[in-house]
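In case you want the letters, here they are:
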Amino acid sequence: MKNEQYNSRLKKMIFFFIALLFAGRYPAFAQNIKVAAAANLQPVMEVLQKDFKQKTGIGIDPVIGSSGKLVAQISNGAPFDVFLSADMDFPETLFKNGFAKQKPVVYASGSLIICSTQNIGFDNWERLLLSARIKKVAIANPAIAPYGKAAEQSLTDKGILDDVKPKTVYGESISQVNTYITTGVVDVGFTTQSLVKEVGNKSPLYYKVIDPKTYEPILQGMVILKHGATNADAEKFYKYILSPAAKTIFKAYGYRIQ
């Protein structure tokens, strides 16, 4: 009986060490990295995820949401390894509160556009928004979505924020705004330029890039979180996002790279 128990324990120990060996040598046996990513990154994240997997064999489990909501989840103990925000304020707050391994770095700068499924002409988009033709304007919640904040800053710069507010439909994230735009729920919306790349030829979109002088730069920050501080794969992904390969992908989706 004792021999059987000993043999059983020995087999379990051997299996355990073999599993550890495979996890170390072969990423497919290791756990995927858990990445919290701002909603504006949804289109480009799929491409980055595939490219990173091809280069390293390491998988990613992305969770997409507004930066503010993701920060709330992280602050409440969500086990994310890396956070890609749509601004610098949210990751800086996490660092100050002890949830991040180090200070955030900028990985890309966002580009704000006004967009529609209708060819309504955006040469003078300020006047267009005030016309009777435009009844609904989509903007992401500026309290939790940096692109929504940028949209309101641009409207303020043009002196028309108060006039546009009665027409405004707020989305909880830029992903929801994109849905409003592409399904025609709204006449126009303010969103990220990466939407145009995502949609491609599937559905025609008409847009105009908003003058970046009318809003604060959308500097998008990244941090390794406390949960991923000792995860070598999280460090690899962090370095990959700052690599020339990732920067080329970001550029293709309309982001500005420093």
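Here, every reference points to the structure presented above.
Here's a quick rundown of the structure. (Residues numbered from 1 in each chain as written. Predicted model: local features only at pLDDT ≥ 70, side-chain atom pairs only at ≥ 80, totals over all residues. Heavy atoms only, no water.)

Focus on the nonpolar core
For soluble globular proteins, nonpolar side chains are generally found buried alongside one another. For clarity, the cut-off: Only buried Ala, Val, Leu, Ile, Met, Phe, Trp, Tyr and Cys residues count toward a nonpolar core, and they belong to the same one when joined by side-chain atoms within 4.5 Å. Accessible area is worked out with a 1.4 Å probe on protein chains only. A residue is then buried under 20% of its type maximum, exposed over 50%, and partly exposed in between. What counts as a helix is a DSSP run of H or I of at least four residues, what counts as a strand is a run of E of at least two, and both are numbered from the N terminus.
Core analysis: the biggest nonpolar cluster contains 65 residues, and Leu-129, Phe-190, Phe-237 and Phe-250 have the highest contact counts within it. Of all the elements, helix α10 (residues 232–241) adds the most residues to this core, at five residues. Counting residues in hydrophobic clusters, the runner-up holds twelve residues, among them Leu-70, Ala-78, Phe-80 and Val-223.

What to know about the pairing of strand β6 (residues 137–140)
In plain terms, the rule: Here the rule is simple: two strands pair whenever DSSP picks up at least two bridges between them.
Judged by which residues are buried, β6 turns out to be covered on both faces: Val-137 and Ile-139 on one side and Ala-138 and Ala-140 on the other are all buried. Strand direction decides the pairing type here: β6 and strand β7 (residues 168–171), joined by four bridges, are parallel. The partner of Ala-140 across the bridge, within β7, is Gly-171. The pairing of β6 with strand β8 (residues 188–192) spans two bridges and is parallel. Looking at the pairing, Val-137 lines up with Val-188 of β8.

Section: the sheet that holds β7
Note the following rule: Axis angles are defined between N-to-C directions and span 0 to 180 degrees, where every axis is a line fitted to C-alpha atoms and, for a helix, only to the segment in contact. Any two residues whose heavy atoms approach within 4.5 Å are treated as being in contact.
Taken in spatial order, the five strands line up as β7-β6-β8-β5-β9 in an open sheet, and their pairing is mixed. Either end of the sheet is taken by a strand with one partner, and the two such strands are β7 and β9 (206–209). On average, each strand axis in the sheet is tilted by 30° relative to the strand beside it, whichever way the strands run. Relative to β8, helix α8 (residues 174–182) is tilted by about 140°, and along the sheet it contacts β5 (112–116), β6, β7 and β8.

Remarks on empty space enclosed by the protein
Inclusion rule: For each structure, a 1 Å grid was placed over the protein atoms alone; sets of points admitting a 1.4 Å probe that cannot get out are labelled cavities, open sets with protein on both sides within 12 Å along at least five of seven lines are labelled pockets, and lining residues have an atom within 4 Å of a point. Grid points are joined across faces, edges and corners, and a volume is the space filled by probe spheres set on the points. Amino acid classes used here: Ala, Val, Leu, Ile, Met, Phe, Trp, Tyr, Cys and Pro are nonpolar; Asp, Glu, Lys and Arg are charged; the rest, including Gly, are polar.
This model, assessed by the stated rule, comprises one cavity of 30 Å³ or more. In this structure, the largest cavity encloses a volume near 60 Å³. Lining the largest cavity are 13 residues; nearest its centre among them are Ala-39, Ala-86, Ala-145, Pro-146 and Ile-174. Looking at the lining of the largest cavity, its residues break down into eight nonpolar, five polar and no charged.

Focus: α8
It helps to recall that an α-helix has 3.6 residues per turn; residues three or four apart then point in one direction. Three or more residues of α8 are buried, namely Ile-174, Ser-175, Val-177, Asn-178, Tyr-180 and Ile-181. Of the residues one or two after α8, Gly-184 is the one with positive phi, at around 80°.

Some thoughts on the pattern of salt bridges
Rules: Salt bridges, as used here, are contacts in which a Lys or Arg side-chain nitrogen is within 4 Å of a carboxyl oxygen on Asp or Glu.
Applying the stated criterion across every chain yields a total of five salt bridges. A salt bridge links Glu-172 to Lys-69; the shortest N-O distance between them is 3.7 Å. In this pair, Glu-172 is assigned in the loop between β7 and α8 and Lys-69 in helix α3 (residues 67–75), connecting sequence segments 103 residues apart. The exposure class of Glu-172 is partly exposed, given its relative accessible area of 34%. The class for Lys-69 is partly exposed, based on a relative accessible area of 43%. Put simply, Asp-89 and Lys-149 hold a salt bridge, and the shortest N to O gap is 4.0 Å. Separated by 60 residues along the polypeptide, Asp-89 in helix α4 (residues 89–96) and Lys-149 in helix α6 (residues 146–157) bring together distant segments of the chain. With a relative accessible area of 35%, Lys-149 lands in the partly exposed category.

Considering the sheet that holds strand β4 (residues 105–110)
Taken in spatial order, the five strands of this open sheet run β2-β1-β3-β10-β4, and their pairing is mixed. Strands at the two margins of the open sheet, each flanked by one partner only, are β2 (60–65) and β4. Direction aside, neighbouring strands of the sheet carry axes that sit 20° apart on average. As paired strands, strand β3 (residues 82–84) and strand β10 (residues 218–224) are joined by three bridges and run antiparallel to one another. Bridging from a neighbouring strand, Leu-84 pairs with Met-222 of β10.

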